[in-house]
Amino acid sequence: MLRTCDGLILRETKYRESDKMLTILSRHDGKISASARGARAARSRQNAGTQHLAYSNFTFFENRSRITINEAEPVELFLGIRDDIEKLALASYFCEVLEALADADAGDSGMLQTALNALYALSELDKPKELIKCAFEWRIMELSGYRPTLESSCADCGEEARVFFSLSDGSVSCGGCGETGGPLRMPLCRESLDALRHILFCEPKRLLSFSLVGGALKRLCDASEAYLHAQLERGFYTLDFYKGLVNDGQR
């Protein structure tokens, strides 16, 4: 049966002499695995549309749950990422997170749009990479069922919550309760909480239409990465690589 769909290539793996195995985040079918025969050949018409990070329109043949790509027409290649090693490493981290969280045979949850927004910003917009990273992490966690509970009062005592964020349950706490809540709480501030509310509740196209700098940005970034790791109980080798590049660049 022939079908068409659009999707983002999260992973490409060499297969046989000139084939590829692809992991694709599609708009309507969630995460799918497909083979692209001859896609690695120099003259293959599928070469551009089946490369890592390509957002393409696919025509594929499905037979007994095996999917073969017949055509792959690139829609967006995010060229502004490909010549910058730090941006490429960060985009690869986005893909690894998506591969871990996306479900097969799932409908459109908004993950693909979030990924495309983040990659476009990384490729074309003059936005800090750390701001794009934390916005992506928070939004993807929300779409995956890990939305923080951002009430206006402390989850422990009921006082106004503006200071600490819990990595274990996603709640916010006042200063007094947060300081006694153990190592699974991280400091935030009014500015970082306001930015977090924007990320979680805004329209998809406005995901990155905010600004945050200095300590407020660092607090929000530290909390997003720690929350993702705590909830998924795993690390990501692409993130380690990206952070190594950033640290080397700062020396």
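Summarised in this report is the structure supplied together with it. (Residues numbered from 1 in each chain as written. Predicted model: local features only at pLDDT ≥ 70, side-chain atom pairs only at ≥ 80, totals over all residues. Heavy atoms only, no water.)

Moving on, we come to the pattern of salt bridges. Inspection of the entire model under this criterion finds 13 salt bridges. Residues R147 and E142 are paired through a salt bridge, measuring 2.5 Å at the closest nitrogen-oxygen approach. Close ionic contact of D222 with K218 constitutes a salt bridge, the shortest N to O distance being 2.7 Å. Note that D222 and K218 are positioned in helix α7 (residues 214–232) at a spacing of four residues, about one turn of the helix. (Salt bridge = Lys/Arg side-chain N within 4 Å of Asp/Glu carboxyl O. Helix = DSSP H or I, 4+ residues; strand = E, 2+ residues; numbered from the N terminus.)

A full pass over the atoms with the stated rule returns six aromatic pairs. Between Y93 and F94, the ring centres sit 6.2 Å apart and the planes meet at 45°, which makes this aromatic pair tilted. Side by side, Y93 and F94 carry an identical accessibility label, which is buried. On the basis of an interplanar angle of 90° and a centroid distance of 5.3 Å, the ring pair of W138 and F165 is categorised as edge-to-face. Note that W138 is positioned in helix α4 (residues 129–143) and F165 in strand β6 (residues 164–166), a separation of 27 residues in sequence. Take W138: its relative accessible area is 0%, and that puts it in the buried class. Following the ring pairs from residue to residue traces out a cluster consisting of Y93, F94, F136 and F236. (Phe/Tyr/Trp six-rings, centres within 6.5 Å; stacked < 30°, edge-to-face > 60°. Buried < 20%, exposed > 50% of the residue type's maximum accessible area, 1.4 Å probe, protein only.)

With that settled, consider the pairing of strand β1 (residues 2–15). Taken together, the seven bridges between β1 and strand β4 (residues 55–63) define a ladder with antiparallel strand orientation. Looking at the pairing, R3 lines up with F60 of β4. The pairing of β1 with strand β2 (residues 19–26) spans eight bridges and is classified as antiparallel. Bridging from a neighbouring strand, R11 pairs with T23 of β2. (Pairing = 2+ DSSP bridges.)

Taken across its seven residues, strand β3 (residues 30–36) has five buried, putting it largely inside the fold. Pairing of β2 with β3, which is carried by seven bridges, proceeds in the antiparallel orientation. Directly across from M21, in β3, lies its bridge partner S35. Where β2 folds back on β3, the antiparallel hairpin that results is connected by three residues.

This part is about unusual backbone geometry. A positive phi angle is found at L53, which is not glycine, with a value near 75°. The phi dihedral of E233 is positive, around 55°, even though this residue is not glycine. Within the fold, E233 resides in the loop between α7 and α8 (237–250). On the basis of relative accessibility, which here comes to 72%, the residue E233 falls in the exposed class.

This part is about the nonpolar core. Side chains that are nonpolar tend, in soluble globular proteins, to be buried together. The biggest cluster of nonpolar side chains holds 63 residues, and the ones touching the most others in it are L8, F94, L98 and W138. Looking at this core, the elements with two or more residues in it are β1, α2 (85–101), α3 (111–124), α4, α6 (190–201), α7 and α8. In terms of residue count, the dominant contributor to this core is α2 (nine residues). Once you skip the residues sitting within four places of it in the chain, W138 turns out to touch P148, F165, L196, I199, L200, L220, A223, S224 and Y227. (Core = buried A, V, L, I, M, F, W, Y, C linked by side-chain atoms within 4.5 Å. Contact = heavy atoms within 4.5 Å.)

Another aspect to go through is the sheet that holds strand β8 (residues 185–187). Read across the sheet, three strands follow the order β7-β6-β8 without closing on themselves; strand pairing throughout is antiparallel. Single-partner strands in this sheet number two, and they are β7 (172–173) and β8. For β6 and β7, the ladder comprises two bridges, and the chain directions are antiparallel. Residue pairing in the sheet places F164 in a bridge with S173 of β7. Relative to β8, α7 is tilted by about 165°, and along the sheet it contacts β6 and β8. (Axes fitted to C-alpha atoms, helices over the stretch in contact; angles between N-to-C directions.)

It is worth spelling out the environment of D103 at this point. Inspection of the secondary structure puts D103 in the loop between α2 and α3. Separated by 78 residues in sequence, D103 and L25 have C-alpha atoms that sit 9.1 Å apart. Apart from residues lying up to four places away in sequence, D103 is in contact with D29, G30 and K31.

So, on to the packing of α2 against α3. Taken N-terminus to C-terminus, the directions of α2 and α3 make an angle of 175°; their axes are 10 Å apart at the nearest point. For the element pair α2 / α3, the angle class is roughly antiparallel. Residues K87, L90, A91, F94, L98 and L101 of α2 form the contact with α3, whose own contacting residues are M111, A115, A118, L119, L122 and S123. Partitioned by chemical class, the residues of the contact of α2 with α3 number ten nonpolar, one polar and one charged. (Parallel < 35°, antiparallel > 145°, perpendicular 65-115°, else oblique. Nonpolar A, V, L, I, M, F, W, Y, C, P; charged D, E, K, R; others polar.)

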